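Spelled out from the first residue to the last, the chains are:
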Amino acid sequence: MGLLTELRDSISRAAATLFSEQDPKRIGIYGPPNAGKTTLANRIARDWTGDAVGPESHIPHETRRARRKENVEIERDGGTVEIDIVDTPGVTTKVDYTEFLEHDMEKDDAVRRSREATEGVAEAMHWLREDVDGVIYVLDSTEDPFTQVNTMLIGIIESQDLPVLILANKIDLEDSSIQRIRNAYPQHETIPLSALEGDNMDEVYDKIAEYFG
Amino acid sequence: MPEVKSPDDDGVQIDMISAERMEGLTSMEKIRIILDGVRDGNIVILEEGLTPDEESRLIEVTMTEISPDEFNGIEIESYPQSGDDEGGFLGRLMGKESTPKKLTVIGPANQIETLHKDETLISALVSRN
Ligand SMILES: Nc1nc2c(ncn2[C@@H]2O[C@H](COP(=O)(O)OP(=O)(O)OP(=O)(O)O)[C@@H](O)[C@H]2O)c(=O)[nH]1
Ligand SMILES: [Mg+2]
């Protein structure tokens, strides 16, 4: 009996270390539409794996399906941190297809885009409750960070005790304000960057390793 | 809310739901009450807001119900959690799920527009349609 329990224990211990080594942490990239989540995911993927995750666009809801890039190995200080990155659709509480018409889209396409967007956001919320081990929250630093969606999402992430890194993106733009984001979410560390230009990516990778390694 | 006579003029109905009424309901029952009200064009005010988990499910269910030319989703506003210094302490004291719940306003996205929001004031414009 004792032997069996011991055996079972050591097997489960071995399994635990095995899985913790084999299963990289799954890091969800969340944030409002158009913040630059895919641009960041692509940059991380290109820097460490050589290929991209998905298309980027100035039209909101470009990403309408969560996309995973597995086994991204980030090298820091001689060691490597292995993560899966999940690029998610921008979260919102409303989708109005008529807004897509302003981007020169036909009604059929706009309706389809909005339907896909709503499915994608629902899926992203589900992932957040069930399937991610950490969150990179991307904000466009030229926009007001103090929105209900941002506050709710950060509250949801906090309530699940997930490690979260807030990224203040688009610092290459003139209207960018990092301080505004720091003031809105003082309980978290905010890292400035330009995912498009690649500015300050070293610090971003340092922090990814620190938070999710 | 069933006990209210249906407004046949084109006014805006406001449902103020007490904490007592929500108490004991499951998350899905609360979400149903909110979305049924909002989909009827009403503004729903909750004396006590939702938990983060309920908010997450509310977003998810809202998304599945959006339908072109019929329902565009919701606008939701509540006071922000106060900075972590005091809020965190209080939160820790009261345990995770019972973080301070705050007055929350929810309405149809095409009828309610937030004009201003800060720690102590939310100002919104409600239109008939
Ligand atoms: N100037 C500037 N533009 C950026 C930066 N990062 C992203 N963008 C632009 O912002 C727009 C949106 O970028 P995406 O990466 O598609 O944004 P997203 O968050 O994935 O958007 P959704 O998938 O629609 O939620 C694109 O036009 C990008 O080129 C940045 O650091 N600086
Ligand atoms: Mg995207």
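What counts, and at which threshold
- Residues numbered from 1 in each chain as written.
- Chains lettered and ligands numbered in written order.
- Predicted model: local features only at pLDDT ≥ 70, side-chain atom pairs only at ≥ 80, totals over all residues.
- Heavy atoms only, no water.
- Helix = DSSP H or I, 4+ residues; strand = E, 2+ residues; numbered from the N terminus.
- Buried < 20%, exposed > 50% of the residue type's maximum accessible area, 1.4 Å probe, protein only.
- Contact = heavy atoms within 4.5 Å.
- Areas by Shrake-Rupley, 256 points an atom, 1.4 Å probe, with all protein chains shown as cover.
- Polar contact = N/O pair within 3.5 Å; in protein donor to acceptor, adjacent residues only side chain to side chain.
- Donors = N, O, S within 2.8 Å, 3.2 Å for Na, K, Ca; no water.
- Phe/Tyr/Trp six-rings, centres within 6.5 Å; stacked < 30°, edge-to-face > 60°.
- Lys NZ or Arg CZ within 6 Å of the ring centre and 35° of its normal.

Participant: Help me get a handle on the overall build of chain B, residues and values and all.
Facilitator: Per the secondary structure count, chain B includes 4 helices and 6 strands. Within chain B, the proportion of its 129 residues that are buried is 42%. Sequence-distant contacts in chain B: of pairs separated by 6 or more residues, those separated by 24 or more amount to 68%. Just so you have it, chain B exposes about 7200 Å², and 50% of that area is on carbon and sulfur atoms.

Participant: Mind laying out the environment of A:T38, listing which residues take part and the relevant values?
Facilitator: All names here are of chain A. In this fold, T38 is placed in helix α2 (residues 37-48). The buried category is assigned to T38, whose relative accessible area is 8%. With 43 residues separating them along the chain, T38 and V81 place their C-alpha atoms 21 Å apart. Discounting residues that sit within four places of it in the chain, T38 has contacts with G54, P55, E56, T63 and D87. Within the structure, the side chain of T38 is placed 2.8 Å from the side chain of T63, a separation counted as a polar contact. Of the polar contacts made by the side chain of T38, one reaches the side chain of D87; its length is 2.6 Å.

Participant: Give me the lowdown on the coordination of the magnesium ion (ligand 2), citing residues and values where you can.
Facilitator: At 2.0 Å from the magnesium ion (ligand 2) lie its protein donor atoms, namely A:T38 (OG1) and A:T63 (OG1). Pair noted here: A:T38 is in helix α2 and A:T63 is in the loop between α2 and β2 (67-76), with a separation of 25 residues, a long-range link.

Participant: Run through the packing of aromatic side chains, naming residues and quoting values.
Facilitator: Here a ring pair, both rings aromatic, is described through the centre-centre distance and the interplanar angle of the planes. The tally for this structure, following the rule as stated, stands at 2 aromatic pairs over all chains. Judged by centre distance (5.2 Å) and plane angle (85 degrees), the rings of A:W48 and A:Y205 are edge-to-face. Here the residue A:W48 occupies a position in helix α2, and A:Y205 occupies one in helix α7 (residues 201-212), the gap between them amounting to 157 residues. A relative accessible area of 3% places A:Y205 in the buried class. The side chain of A:R113 reaches across the aromatic face of A:F100, ending 5.4 Å from its centre. When the ring centre of A:F146 is taken as reference, the NZ or CZ atom of B:K117 above it lies at 5.7 Å.

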